[in-house]
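If you want the building blocks of each chain, they are given just below.
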Amino acid sequence: MKLHLSPKVKLRPDGGRAILFSVNSTETDGEEVFRFLYPQQAIILALFDGTKKIGDIKKLVSFLFNLTDEGAAEQIEALLALPVNSNDVIGSCLQETDDANAHLIRPYDPGMFVVPADEIDMRDVRCKTPIRILILPTMQCATNCIYCYADTGGMQGRKQFGLDLFKRLLRELKECAIETVDFSGGDFFCRADAFKLLEATLNEGLYPTIPTKMPLTREVADRLVSMGLKTIQISIDAFTPDLIDKLMQLNGYGRKILDSIDYLGEAGIKVRTNTVLTPLNIHDVPALVAFLAERPFVFKINITCYGRSLYRHDDALFVGKDALQEFEENLNKIKTSYPQKIITFSGANPDYYAGSEKEKSKLYNERSLCTANRRGVVVLPDGQVTVCEELYFHPDFIIGDLNKNSLMEIWNSSKALELAYPSQESVPDGPCKNCPDYRQCHDYLGRCYREALKAYGYEKPHWPDPRCSRAPKGRSFVAC
């Protein structure tokens, strides 16, 4: 049996180490893959190129690292058992090679992962080169969603980046070994040159992941297929057309967006969907999920609860605990009927201020790593670069401008590095100023800037993550 790394993941040098990561985190079937690897681990993994049997790889490892056959086998076994997320290990990223998938194999030269012993560095959680890019081409929208979280007024007086800058950025992404371009906004199709952006992306051999609420015609669906688009996200929040109209504050919209889903599927595009749960649509969403699950071309259905936003918040849109419990029971019944479908629900929003200090401390220490300015960046519609989508034009988090500098110049800019490795001495006030755990908190898992702003206000970017046990109570993130 000959094995190779799945084409859904990529192995890349990263300074004094290597990285194994998902090529397309948005449209993956499961959790995103990410793992820093020692150079010798990457060298071994590169040997799984689809041309060698496991016995041949063991012999090579034995020769390369001066190990016994038994020692080489142990090294390989230990490597393949390393976790890459909460559910998967490196071994699950390997596939058996056959004629059907041989053309998808990514060949890696093991020599590209060789690092002098004194240059190996596994301590830094920040990638030397970004592996993710999120681009907001516009802040214009086709709808006026009642739950909108976007800074829709932030682009006032600013000029959108042009096609030339975009094409230059695409070339820079390829140099970083990025293969997927994630879009957000605003609505991609609200840009007059949307199809030129899409064409440029595909012509560079990069794959675009596009979310939209724009009603699309059969002709547009056919055009997207002819250009090479394979998947798209439709954001839809109800099954009843009149209710969709109410949520979008746009008459006649609901029927059009429901039809768009079928047009895309009939044209040959696979569809994933995203739904925001509020008290207004919670009883209608199960019917929407059943409708979507019946369609063979809908491959992923995602549902999230309405959450606090910085720019346009309404406490009345929080979903209550009892209603949420009933919804989950109904959703689980639908999941049972459609076991072949990927139907995900993020669950209730966490109450950051609940529980004892000990309980809060435990949860905070087990939080997910903040990837902002560590694995990727966000490009705003005017070409400025920030670290997180929901921070938009907040000046404290703008790390550069593509109109003036390259992506890598911005990634290594003084502002980017100051945010990545913050100084406690620069904190003007608040709970973080004299916190004894400041370094530990910021150097590894990180502080969520977005949640800090939501909890304590736009003018307090230096305040703590509200999940911290030492953080004071701020604005609520759940229904009262």
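Everything below is about the structure printed above this text.
Residues numbered from 1 in each chain as written. Predicted model: local features only at pLDDT ≥ 70, side-chain atom pairs only at ≥ 80, totals over all residues. Heavy atoms only, no water.

(A) Here's a closer look at the environment of Ser25. Residue placement: Ser25 occurs in the loop between strand 3 (18-22) and strand 4 (34-37). In this structure, the C-alpha to C-alpha distance between Ser25 and Pro83, residues 58 residues apart in sequence, is 17 Å. Apart from the residues within four sequence positions on either side, Ser25 is in contact with Glu32, Arg132 and Asp182. (Helix = DSSP H or I, 4+ residues; strand = E, 2+ residues; numbered from the N terminus. Contact = heavy atoms within 4.5 Å.)

(B) Broad picture of the side chain of Thr143. Residue position: Thr143 is located in the loop between strand 7 (132-135) and helix 4 (163-175). With relative accessibility at 13%, the residue Thr143 sits in the buried group. Discounting residues that sit within four places of it in the chain, Thr143 has contacts with Lys213, Met248, Leu250 and Tyr253. (Buried < 20%, exposed > 50% of the residue type's maximum accessible area, 1.4 Å probe, protein only.)

(C) Representation of the packing of helix 1 (residues 39-46) against helix 3 (residues 69-80) within the structure. Two elements in contact, helix 1 and helix 3, have axes whose closest approach is 11 Å; the angle formed by their N-to-C orientations is 95°. With respect to each other, helix 1 and helix 3 are oriented roughly perpendicular. Along the contact surface, helix 1 presents Gln41, Ile44 and Leu45, while helix 3 presents Gln75, Ile76, Leu79 and Leu80. By residue class, the composition of the contact of helix 1 with helix 3 is 5 nonpolar, 2 polar and no charged. (Axes fitted to C-alpha atoms, helices over the stretch in contact; angles between N-to-C directions. Parallel < 35°, antiparallel > 145°, perpendicular 65-115°, else oblique. Nonpolar A, V, L, I, M, F, W, Y, C, P; charged D, E, K, R; others polar.)

(D) How the structure looks around the sheet that holds strand 7. Spatially, the 6 strands line up as an open sheet ordered 9-8-7-15-16-17, and their pairing is mixed. Looking at the sheet topology across the chains shown, the edges are occupied by strand 9 (207-209) and strand 17 (398-401). When strand polarity is set aside, the average angle formed by the axes of neighbouring strands in this sheet is 30°. In this structure, strand 8 (residues 180-183) lies alongside strand 9, joined through 3 bridges in parallel fashion. Residue pairing for strand 9: Asp182 is matched across the bridge by Thr209. The strands touched by helix 5 (residues 194-203) within the sheet are strand 8 and strand 9, with strand 9 carrying the most contacts at an inclination of about 135°. (Pairing = 2+ DSSP bridges.)

(E) Representation of the sheet that holds strand 1 (residues 2-5) in the model. What the 3 strands build is an open sheet, ordered 5-1-6; its pairing is antiparallel. Only two strands of the sheet have a single partner each, and these edge strands are strand 5 (49-53) and strand 6 (94-96). In this sheet, adjacent strand axes meet at a mean angle of 35° when their direction is disregarded. Where strand 1 and strand 6 come together, 3 bridges link them in antiparallel fashion. Looking across to strand 6, one finds that His4 is bridged to Gln95.

(F) Examining the side chain of Asn101 more closely. Among the secondary structure elements, Asn101 is positioned in the loop between strand 6 and strand 7. Side-chain polar atoms of Asn101 contact the backbone nitrogen of Asp98, separated by 3.0 Å. Setting aside its immediate chain neighbours within four residues, Asn101 contacts His4, Gln95 and Glu96. (Polar contact = N/O pair within 3.5 Å; in protein donor to acceptor, adjacent residues only side chain to side chain.)

(G) Just the packing of aromatic side chains, in detail. Taken as a whole and assessed by the stated rule, the structure comprises 15 aromatic pairs. Relative to Trp463, the ring of Tyr456 has its centre 5.2 Å away and its plane inclined at 50°; by these criteria the two rings are tilted. Comparing Tyr456 with Trp463, the two get one shared label, buried. Among the aromatic residues, those joined into a cluster by ring pairs are Phe161, Phe166, Phe183, Phe188, Phe189 and Phe195. Over the ring of Trp411 we find Arg126; its NZ or CZ atom is 3.9 Å from the centre of that ring. We note Arg367 situated over the ring of Tyr364; from NZ or CZ to the ring centre the distance is 3.7 Å. (Phe/Tyr/Trp six-rings, centres within 6.5 Å; stacked < 30°, edge-to-face > 60°. Lys NZ or Arg CZ within 6 Å of the ring centre and 35° of its normal.)

(H) Inspection of the pattern of salt bridges at higher detail. Summed over the entire model, instances satisfying the criterion amount to 26 salt bridges. The salt bridge involving Lys10 is made with Glu179; its shortest N-O contact spans 2.7 Å. Placement of Lys10 in strand 2 (residues 9-13) and of Glu179 in the loop between helix 4 and strand 8 is noted, with a sequence separation of 169 residues between them. We classify Lys10 as buried; its relative accessible area is 13%. Between Asp121 and Lys128 there is a salt bridge, with its nearest N and O atoms 4.0 Å apart. Accessibility expressed as a relative area gives 19% for Asp121, which makes it buried. (Salt bridge = Lys/Arg side-chain N within 4 Å of Asp/Glu carboxyl O.)

(I) Inspection of the nonpolar core at higher detail. Formed by 99 residues in total, the largest nonpolar core has its most connected members in Leu224, Ile232 and Leu277. Beyond its immediate chain neighbours, meaning those up to four positions away, Ile232 contacts Phe189, Ile210, Thr212, Leu216, Leu224, Leu264, Ile269, Lys270, Val271 and Arg272. (Core = buried A, V, L, I, M, F, W, Y, C linked by side-chain atoms within 4.5 Å.)

(J) Just helix 1, in detail. Burial analysis of helix 1 places 7 of its 8 residues in the buried class, the great majority of the element. Regarding helix 1, the residues found buried are Pro39, Gln41, Ala42, Ile43, Ile44, Leu45 and Ala46.

(K) Inspection of the environment of Ile244 at higher detail. For Ile244, the position within the fold is in helix 7 (residues 241-248). Overall, Ile244 belongs to the buried group, its relative accessible area being 2%.

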